[in-house]
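# Coordinate analysis (summary)
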Amino acid sequence: MQRILQSLKSLVLSVLNGNSGGEIPMAILTEGRLVPLVAFILAWVATYLAIQMGTQGKIRIRRIPGLDSIEEVVGRAVEMGRPIFMIPGRGTFTDIYATQTIAGLSILSYVATLSARLGAKLYVPMSRVDVYPVAVELVTDAYKAEDKLEELDVDEQIPYLSGTQFAYASGVIGMAARMKPAGNIMMGPFWAESMMFAESFARAGAMQIGGTARMYQIPFFAAVCDYVLIGEELFAAGAYVSGDPQQVGSIAAQDWYKLAALVLGILGALLATAGVTVIGDLLRM
Amino acid sequence: MVSTDPQIWIAAFLTLAATSYAFRDNKVFKFAENIFIGVAAGHLVVMGVKNIRDYGWAHLAQGEIIYAVVFLLGILLYTRYHKEYYWLYRYPIAFLVGNGIGISIRAAIHSDFTVQIAQTASPLIASDAMGTINNIILFIGVVTALSHFIFTYEGMHQGVLGYAPKVGRWMILLALGASFGNTVMTRFGMYQGRVVFLLREWLQII
C-alpha cells in the first residue's frame, strides 16, 4: 500500500511540476502539501455548497449559552445607568487571526444594535488602525438603523488608544477604573492583555463575557469572566448574531470538515493500532 | 547604595507607578498610563514614517512603480474623512481583509486540519504502559473535544452521542487549567524580574 501511495505521489508531483526527475526551478506543489491542496479544494467546494444551503435557510446554528448573556449585560448596563464596553481584540485584517477579528466585529455590530435599542452607552476602545474604521462604520450603522445616531459620539465612544500592546492595555484599564462599566464583552483575538482586562473589569464590578480562539488566553476568560466562549464558539457566535448566510454556511462547512476529521482520526488510529498506517501516510503526502 | 542613574530612577518610578494600580486607581498610575500611551503613540508615528520611507518610498524612488499602488491604497484609507468620497476607503480595507483571510486559510488547512488528523491517526498501543495510557487519553481528548465544536448538527449534542461533547468540555477545561497554571507561573516570573530590578539595579541591596 505504501508503495502505491509513493508512486501516486511521485506521479502527481511530476505531472503538476512538469518535472521528469531534474531540478525544479519553482515547484507548483511541494512534497507534504499535496493533501492540503486537495483538502483546500474540497473545503472550497464544501463551503460553497454550505453557503448555498445557508442562503436557502437550511442551516441552523445551535444556541451558544454565552450569547444569551449579551442581552443580559446590555440590559444590566441600562438598569444601572452605567456604560458597557465591547473590545474586539487586538487582531488585524492581515494576520492569521483575521477570522477572529471579523467574528469579533460581527458581535460588535450586534452589541451596538442592542445598546442603541436599549439605550446603553457603548464604549469600544480600539488598538488597530485597519480595524478602527470598520468598527466605527459598524457601530455608526447600528445606531443609524435604530434611529439613534444623535446618541453616538464616535470620538468619545470609539477611541483609538494605541497600537502598542501594553499602552493600549493600560488605557483600557484606566477607562475601566474610572468609568465603572456595568458590562464588558471581549470577543476576538487577545494576547497577554486578556488577563489585565478581565481582572480590571471584574474589579470595577462589570459583568463580563469573554471569547477568543487563542488557546493561551481562554483560561483567563474562563477563570474571571461570567460567561466564556471557547475557541470556535467565537466564530459560531459571530455567524449566529450576524445572521449572514455566508457566515452561517461557512460554520456548517467547518462542521463537515470536523466530522470528516473525526471519522478519519478514529479510523486512522484504529487502523494504525492494527498496523495499517494508510490514513496517516495519505495525509502526510 | 541607591543608584544615581536617572534612567534607572525613571524606570523604577514607572514600575512602582504601574504597580500602584493593584491597590486602586490613583493619580500616579494615571500619570504612568498617560506617559505610556504618549510614548507608544510617538514611537508608532516614528516607526510608521520609517516604514513608509524604507519599505515604500525607497523602492518607488528606485523606479519600482508597483509601489505606487501601495501608496495609493494607503492614501485611500484617509478618504473616510471626506464627506463625499468616504466610500473609497473601503477598497484598501477590502484588500487588507482579503489578504488576511487568504493567509489564514493557507495556514489553517495544513496545520489545523491535515497535520492534526495525521497526528491523531497514530497507533494507540505504545512500547510501554504509560505511553499507551497517554495515547488513549490524547485520542479520547481529541475526538470528544472536536465533537463539542459541532454547531449545526443538533444530534451530536443529544442522546448517546451527547456524552462525547460533554466529555470533550471536561477535556478542554483540564487543558485550560494546565495552560492557566503555566501562564500564571510565567507572569510571576515577569513580576519577579521587576522586583529584582528594583532591589538590584535601583536600591542595590541584593
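Residues numbered from 1 in each chain as written. Chains lettered and ligands numbered in written order. Predicted model: local features only at pLDDT ≥ 70, side-chain atom pairs only at ≥ 80, totals over all residues. Heavy atoms only, no water.

## Things to note about the overall build of chain A
When its secondary structure is counted, chain A shows 12 helices and 5 strands. Long-range contacts, defined as pairs at least 24 residues apart, comprise 69% of the intrachain contacts of chain A with a sequence gap of at least 6. Accessible surface for chain A amounts to roughly 12100 Å². Of this, 60% is attributable to carbon and sulfur atoms. (Helix = DSSP H or I, 4+ residues; strand = E, 2+ residues; numbered from the N terminus. Contact = heavy atoms within 4.5 Å. Areas by Shrake-Rupley, 256 points an atom, 1.4 Å probe, with all protein chains shown as cover.)

## Observations concerning the packing of aromatic side chains
Throughout the structure, instances matching the rule amount to 16 aromatic pairs over all chains. With a centroid separation of 6.3 Å and an interplanar angle of 80 degrees, the aromatic rings of Trp57(B) and Phe71(B) are classed as edge-to-face. Within this pair, whereas Trp57(B) is found in helix α2 (residues 27-61), its partner Phe71(B) is found in helix α3 (residues 67-77), the two being separated by 14 residues in sequence. The rings of Tyr168(A), Phe190(A), Phe197(A) and Phe221(A) are connected pair by pair, giving a single aromatic cluster. In this structure, Arg80(B) is placed above the aromatic ring of Tyr89(B), and the distance from its NZ or CZ to the ring centre is 5.9 Å. Sitting above the plane of the Phe197(B) ring, Arg194(B) keeps its charged end 4.5 Å from the centroid. (Phe/Tyr/Trp six-rings, centres within 6.5 Å; stacked < 30°, edge-to-face > 60°. Lys NZ or Arg CZ within 6 Å of the ring centre and 35° of its normal.)

## A word on the layout of surface pockets
Taken as a whole, the second largest pocket encloses approximately 2000 Å³ of empty space. Looking at the second largest pocket, it is lined by 46 residues, and the ones nearest its centre are Val129(A), Asp130(A), Gly74(B), Leu77(B) and Tyr78(B). Elements that contribute at least two residues to the lining of the second largest pocket include exactly α5 (132-145) and α6 (154-157) of chain A together with α2, α3 and α4 (90-120) of chain B. Taken together, the residues that form the lining of the second largest pocket break down as 28 nonpolar, 10 polar and 8 charged. (1 Å grid on protein atoms, 1.4 Å probe; cavity = no way out; pocket = protein on both sides within 12 Å on 5 of 7 lines; lining within 4 Å. Points joined across faces, edges and corners; volume = space filled by probe spheres on them. Nonpolar A, V, L, I, M, F, W, Y, C, P; charged D, E, K, R; others polar.)

## A look at the pattern of salt bridges
Tallying each qualifying case throughout the model produces 11 salt bridges over all chains. In this structure, the salt-bridge partner of Asp68(A) is Arg63(A), at a minimum N-O distance of 2.3 Å. Arg53(B) is the partner of Asp54(B) in a salt bridge, and the nearest nitrogen-oxygen pair spans 3.2 Å. Judged by its relative accessible area of 27%, Asp54(B) is partly exposed. Taken together, the salt bridges that share partners define one network made up of Arg178(A), Asp25(B) and Glu33(B). (Salt bridge = Lys/Arg side-chain N within 4 Å of Asp/Glu carboxyl O. Buried < 20%, exposed > 50% of the residue type's maximum accessible area, 1.4 Å probe, protein only.)

## Quick notes on the sheet that holds strand β4 (residues 207-212) of chain A
Residues and elements named next belong to chain A. The 5 strands lie next to each other as β2-β1-β3-β4-β5, forming an open sheet whose pairing is parallel. For this open sheet the edge positions go to β2 (122-123) and β5 (227-230), each flanked by a neighbour on one side alone. For strand β3 (residues 183-187) and β4, the ladder comprises 5 bridges, and the chain directions are parallel. The partner of Ile185 across the bridge, within β4, is Ile209. Sitting on the sheet, helix α10 (residues 233-242) is in contact with β3, β4 and β5, with an inclination near 105 degrees to β5. (Pairing = 2+ DSSP bridges. Axes fitted to C-alpha atoms, helices over the stretch in contact; angles between N-to-C directions.)

## Details of the nonpolar core
Core analysis: the biggest nonpolar cluster contains 95 residues, and Ile70(A), Ile84(A), Leu122(A), Val139(A), Ile185(A) and Phe197(A) have the highest contact counts within it. Sort the elements by how many residues they give to this core and helix α4 (residues 98-118) of chain A lands first, with 9 residues. Residues within four places of Phe197(A) in sequence aside, it is in contact with Ile87(A), Tyr168(A), Ala169(A), Val172(A), Met186(A), Phe190(A) and Gln208(A). By size, the runner-up hydrophobic cluster in this structure holds 7 residues, among which are Ala269(A), Phe139(B), Val143(B) and Met156(B). (Core = buried A, V, L, I, M, F, W, Y, C linked by side-chain atoms within 4.5 Å.)

## Observations regarding the pairing of β4(A)
Residues and elements named next belong to chain A. Here β4 lies mainly inside the structure; 6 of its 6 residues are buried. Side-chain alternation along β4 places Met207, Ile209 and Gly211 on one buried face and Gln208, Gly210 and Thr212 on a second face that is also buried. The parallel pair β3 and β4, bridged by helix α8 (residues 193-203), forms a crossover whose chirality is right-handed. The pairing of β4 with β5 spans 4 bridges and is classified as parallel. Across the sheet, the residue bridging to Ile209 is Tyr227, located in β5. Each parallel crossover has a hand, and for β4 linked through helix α9 (residues 218-224) to β5 it is right-handed. (Right-handed = clockwise from strand over helix to strand, strands pointing away.)

## What about the interface of chain A and chain B?
The partner chain B presents 60 residues to the 73 residues of chain A that form the contact. A buried area of about 5800 Å², summed over both sides, lies between chain A and chain B, and 70% of it is on carbon and sulfur atoms. Across the contact surface, chain A and chain B share 4 salt bridges. A salt bridge links Glu33(B) to Arg178(A); the shortest N-O distance between them is 2.9 Å. Counting the contacts that link chain A with chain B gives 18 residue pairs in polar contact (both at pLDDT 80 or more). The element that contributes the greatest number of residues to the side of chain A that touches chain B is helix α11 (residues 245-273) of chain A, accounting for 15 residues. A breakdown of the residues in the side of chain A that touches chain B according to their chemical character gives 45 nonpolar, 15 polar and 13 charged. (Buried area = accessible area lost by both parts, 1.4 Å probe. Polar contact = N/O pair within 3.5 Å; in protein donor to acceptor, adjacent residues only side chain to side chain.)

## What to know about a nonpolar patch on the surface
A surface patch of nonpolar side chains, about 860 Å² in accessible area, is lined by Leu37(A), Phe40(A), Ile41(A), Trp44(A), Val45(A), Tyr48(A), Leu49(A), Trp256(A) and Ile105(B). The element contributing the most residues to the nonpolar patch is helix α2 (residues 34-55) of chain A, with 7 residues. In this structure, Trp256(A) sits in helix α11. Under the relative-accessibility criterion, Trp256(A) is labelled partly exposed at 32%. (Patch = residues over 30% accessible without salt bridge, like charges linked within 9 Å, V, L, I, M, F, W, Y side chains within 5 Å.)

## A look at α8(A)
All names here are of chain A. Here α8 has its buried residues at Glu193, Ser194, Phe197, Ala198, Ser200 and Phe201. Here the buried face of α8 lies against β1 (84-87), α7 (165-179), β3, β4 and α9. Two residues or fewer past α8, Gly205 is found with a positive phi of approximately 85 degrees.

## Let's talk about the confidence of the model for chain B
In the predicted model, chain B carries a mean pLDDT of 91, and 100% of its residues have values of at least 70. Here α4(B) stands out as the element of chain B with the lowest mean pLDDT, 83, in contrast to helix α1 (residues 6-19) of chain B, whose mean of 95 is the highest. (pLDDT = per-residue confidence, 0-100.)

## A look at unusual backbone geometry
A negative phi angle is the norm for most residues apart from glycine, just as the trans form is the norm for most peptide bonds. A positive phi is found at Lys180(A), a non-glycine position, where the angle reads about 45 degrees. With respect to the secondary-structure elements, Lys180(A) resides in the loop between α7 and β3. Taking the relative accessible area as the measure of exposure, Lys180(A) reaches 41% and is therefore partly exposed. Phi at Gln204(B) is positive, roughly 55 degrees, even though this residue is not glycine.

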